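Each chain is listed here by its residues.
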Amino acid sequence: MNDALHQARRSALTLLVFSVACTGLLAGTHLLTEHTIRANEKAVKQTLISQTLPTGSYDNDPAASAVALSPDDAAMLGNAGLANVYIATRAGKPVAFVFETQADNGYGDRIRLLVGINATGTVSGVRVIAHKETPGLGSYIDSGRSEWLSQYDGRAADAGGKVSKDGSNFNRTTGTTLSARAVSGAVDRVVAYYREHATRFAALP
């Protein structure tokens, strides 16, 4: 009986030590990789922000000039939570703004985007941050897969969330039209929002 109790205690202690060791290993791995993951995410976002702005049009680091939008403003852009606007300046004056926005009506799931707007109110560039559109059908909205997003550059949007199939001059591509409509609608929201609040954004540092 004593031998059985001793064996049970020893097994329990071994299991405890093993559990603590595994927990410590996982925690250590998380701490070691968390910084790298965050740094990589930041680098990707910096790259995407720069791709929504004309090269040479600004002389600051827009990614480091983020201003948090209020919950109400974020909601106007389709965001479920807080969102940022990144300010591009030249000689200290705002020349463009990059807004975080999202579309909930994609074919797969929510589509998160960055939409750059020149101070004049025209679109300077659009990039998709994340999406779950079906590969081969809706993934053309990813700038790494096609040039489809470039049609928005330099335009005033106002497509009403429509594409060529609906009578708009914003083309879709072979695949699901829902992805194109979702992006078009998100871009329109940003353009309309900026035009309504242009004076306020022009006064930002």
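Residues numbered from 1 in each chain as written. Predicted model: local features only at pLDDT ≥ 70, side-chain atom pairs only at ≥ 80, totals over all residues. Heavy atoms only, no water.

Caption draft 1: The overall build of the chain, seen in detail. Counting secondary structure elements, the chain contains three helices and five strands. Put simply, the chain runs from its N terminus to its C terminus through helices and strands in the order α-β-α-β-β-β-β-α. Classification of the 205 residues of the chain by burial places 36% in the buried group. Carbon and sulfur atoms provide 57% of the accessible area of the chain, an area that totals close to 11500 Å². (Helix = DSSP H or I, 4+ residues; strand = E, 2+ residues; numbered from the N terminus. Buried < 20%, exposed > 50% of the residue type's maximum accessible area, 1.4 Å probe, protein only. Areas by Shrake-Rupley, 256 points an atom, 1.4 Å probe, with all protein chains shown as cover.)

Caption draft 2: Summary view of the nonpolar core. One finds L69, F99, I117, V126, V187 and F201 to be the most contacted residues of the largest nonpolar core, which totals 30 residues. Top element by residues in this core is helix α3 (residues 177-202). It accounts for ten residues. Leaving out residues up to four positions away in the same chain, F99 has contacts with L69, L77, N84, V85, L113, L114, V115, I117, V190, Y193, Y194 and F201. (Core = buried A, V, L, I, M, F, W, Y, C linked by side-chain atoms within 4.5 Å. Contact = heavy atoms within 4.5 Å.)

Caption draft 3: Main features of the environment of S57. Here S57 is to be found in the loop between α1 (2-51) and β1 (66-68). By relative accessible area, S57 is classed as partly exposed at 22%. For the pair formed by S57 and R90, sequence separation is 33 residues and the distance between their alpha carbons is 7.1 Å. Beyond its immediate stretch of four places on either side in the chain, S57 contacts R90 and V95. A polar side-chain atom of S57 sits 2.7 Å from the main-chain carbonyl oxygen of P54. (Polar contact = N/O pair within 3.5 Å; in protein donor to acceptor, adjacent residues only side chain to side chain.)

Caption draft 4: The arrangement of the side chain of E100 in detail. Tracing the chain through its elements places E100 in strand β3 (residues 93-103). The class of E100 is buried, set by a relative accessible area of 11%. Sequence-distant contacts of E100, defined by excluding residues within four places in its chain, comprise K45, L77, N79, A83, N84, Y86, L113 and L114.

Caption draft 5: Broad picture of the confidence of the model for the chain. When pLDDT is averaged across the chain, the result is 75; 59% of the residues are at 70 or more. For the chain, per-element mean pLDDT is lowest for α1, which scores 67, and highest for strand β2 (residues 84-90), which scores 94. (pLDDT = per-residue confidence, 0-100.)

Caption draft 6: Inspection of the pattern of salt bridges at higher detail. Taken as a whole, this structure holds one salt bridge when the rule is applied. The closest approach of N and O atoms between D73 and R200, which form a salt bridge, is 2.9 Å. Pair noted here: D73 is in helix α2 (residues 71-76) and R200 is in helix α3, with a separation of 127 residues, a long-range link. On the accessibility criterion, D73 (9% relative accessible area) is buried. (Salt bridge = Lys/Arg side-chain N within 4 Å of Asp/Glu carboxyl O.)

Caption draft 7: Spotlight on the packing of aromatic side chains. One pass over the full model with this rule turns up seven aromatic pairs. Through pairs of rings, three or more aromatic residues link up here, namely F97, F99, Y193, Y194 and F201. (Phe/Tyr/Trp six-rings, centres within 6.5 Å; stacked < 30°, edge-to-face > 60°.)

Caption draft 8: Looking closely at unusual backbone geometry. Phi at A91 takes a positive value of approximately 55°, unusual for a residue other than glycine. What makes A91 exposed here is its relative accessible area of 69%.

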